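# Structural features, examined
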Amino acid sequence: MAASLACAFFFDAEPLGEPGRHALDACALCAKPLPRNSDIFMYKGDTPFCSEECRYEQMHHDAACARRRQQSQSRRGRHESAGAGSASRKANVSVASC
């Protein structure tokens, strides 16, 4: 009896992020409602998508952001090592957010 109450409490709890909204109600990319009797395509453990296409688009976006971050960090590293012997100067750099 106690074990079944504990399980019911665990699965009925609302997510901490948005009260009143369950984590698997809508696609994380296109916000299309996810029917309870259909497949849900997951990414990064807890992000639901309505289709493989939506999931792939998010994966592609994440990969592009990671590449941009890596390129930005490598440019910063080269800039800092090149300017180490010269006088310090500030660069006006804008970074795209992902």
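The structure we're discussing is the one just above.
Keep in mind it's a predicted model, so treat the numbers as computed, not measured. (Residues numbered from 1 in each chain as written. Predicted model: local features only at pLDDT ≥ 70, side-chain atom pairs only at ≥ 80, totals over all residues. Heavy atoms only, no water.)

Turning next to the overall build of the protein chain. A count of helices and strands for the protein chain gives 2 helices and 2 strands. Each helix and strand of the protein chain, placed in order from N terminus to C terminus, yields the pattern α-β-β-α. Within the protein chain, the proportion of its 98 residues that are buried is 15%. Counted over contacts in the protein chain with a minimum sequence separation of 6, partners at least 24 positions apart contribute 16%. Approximately 8,300 Å² of the protein chain is accessible, and the part contributed by carbon and sulfur atoms is 56%. (Helix = DSSP H or I, 4+ residues; strand = E, 2+ residues; numbered from the N terminus. Buried < 20%, exposed > 50% of the residue type's maximum accessible area, 1.4 Å probe, protein only. Contact = heavy atoms within 4.5 Å. Areas by Shrake-Rupley, 256 points an atom, 1.4 Å probe, with all protein chains shown as cover.)

Time to look at the packing of aromatic side chains. For the structure shown, the criterion picks out 1 aromatic pair. Residues Tyr 43 and Phe 49 carry aromatic rings whose centres are separated by 6.4 Å and whose planes lie at 55° to one another, so their mutual orientation is tilted. The exposure class assigned to Tyr 43 is buried, which follows from its relative accessible area of 16%. Judged by relative accessible area, Phe 49 falls into the buried class, the value being 0%. (Phe/Tyr/Trp six-rings, centres within 6.5 Å; stacked < 30°, edge-to-face > 60°.)

Moving on: the side chain of Asp 62. Considering the arrangement of structural elements, one finds Asp 62 in helix 2 (residues 52-82). Engagement of the side chain of Asp 62 in a polar contact is seen with the side chain of Tyr 43, the distance being 3.1 Å. (Polar contact = N/O pair within 3.5 Å; in protein donor to acceptor, adjacent residues only side chain to side chain.)

Let us look at the state of the cysteines. Scanning all chains against the criterion turns up 0 disulfides. For the unlinked cysteine Cys 30, the closest cysteine sulfur is that of Cys 27, found at 3.6 Å. Accessibility expressed as a relative area gives 41% for Cys 30, which makes it partly exposed. (Disulfide = S-S within 2.5 Å.)

In short, shape yes, function no, at least from these values alone.
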